[in-house]
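# Structure at a glance
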Amino acid sequence: MVDTLLGFSNTNVVSSLRILEGNIFFENQTLSEPGLIENMAQTVALHTGYHYFLKGESAPTGYIGSIKEMKILRLPQLNETIKTEAHILHEFMGVTLVEITVFNNNKEKIASSLM
């Protein structure tokens, strides 16, 4: 649910995803709400996976403990490319709190969440 890693640091990750008709979450000419949430989750997983890749280690299996403050302002349309930014707010004993924001082609915020 991510196409490209656009940026990475210890506390941030930025990914992109082009909305295609063949996407499992594509319906009614848009990426569905569950698809947008999955994109957010996979962006966070990309951060962890790439961090372990850089260390030359296998990434641990992760899971989402909670989703809070989910706001979907607009669903992305067919052939639109979204950019998803995740910022790590806190990390303690293997539990991470992440703030995620999704933007459309015009850099308009279309969704946000805490996971």
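A brief structural summary. Computed from a prediction, not measured in an experiment: that's the story for all the values here.

We now examine the pattern of salt bridges. Once the charged atoms of two side chains with opposite charge are near each other, the side chains can pair. Under the counting rule described, the total for this entry stands at 3 salt bridges. Note that Glu57 and Lys55 form a salt bridge whose closest N and O atoms lie 3.8 Å from each other. Accessibility expressed as a relative area gives 43% for Lys55, which makes it partly exposed. Note that Glu85 and Lys83 form a salt bridge whose closest N and O atoms lie 3.4 Å from each other. Judged by relative accessible area, which is 30%, Lys83 ranks as partly exposed.

The subject of this paragraph is the environment of Ser113. Note on placement: Ser113 falls in strand 8 (residues 109–114). Overall, the relative accessible area of 3% leaves Ser113 in the buried class. C-alpha separation for the pair Ser113 and Thr101, spaced 12 residues apart in sequence, amounts to 6.7 Å. For Ser113, the contacting residues outside a window of four places in its chain are Met40, Ile67, Lys68, Glu69, Met70, Val98, Glu99 and Ile100. One polar contact links the side chain of Ser113 to the main-chain carbonyl oxygen of Lys68, over a distance of 3.3 Å.

Reading guide: rules and limits
Residues numbered from 1 in each chain as written. Predicted model: local features only at pLDDT ≥ 70, side-chain atom pairs only at ≥ 80, totals over all residues. Heavy atoms only, no water. Salt bridge = Lys/Arg side-chain N within 4 Å of Asp/Glu carboxyl O. Buried < 20%, exposed > 50% of the residue type's maximum accessible area, 1.4 Å probe, protein only. Helix = DSSP H or I, 4+ residues; strand = E, 2+ residues; numbered from the N terminus. Contact = heavy atoms within 4.5 Å. Polar contact = N/O pair within 3.5 Å; in protein donor to acceptor, adjacent residues only side chain to side chain.

That's the geometry; what it means functionally is another story.
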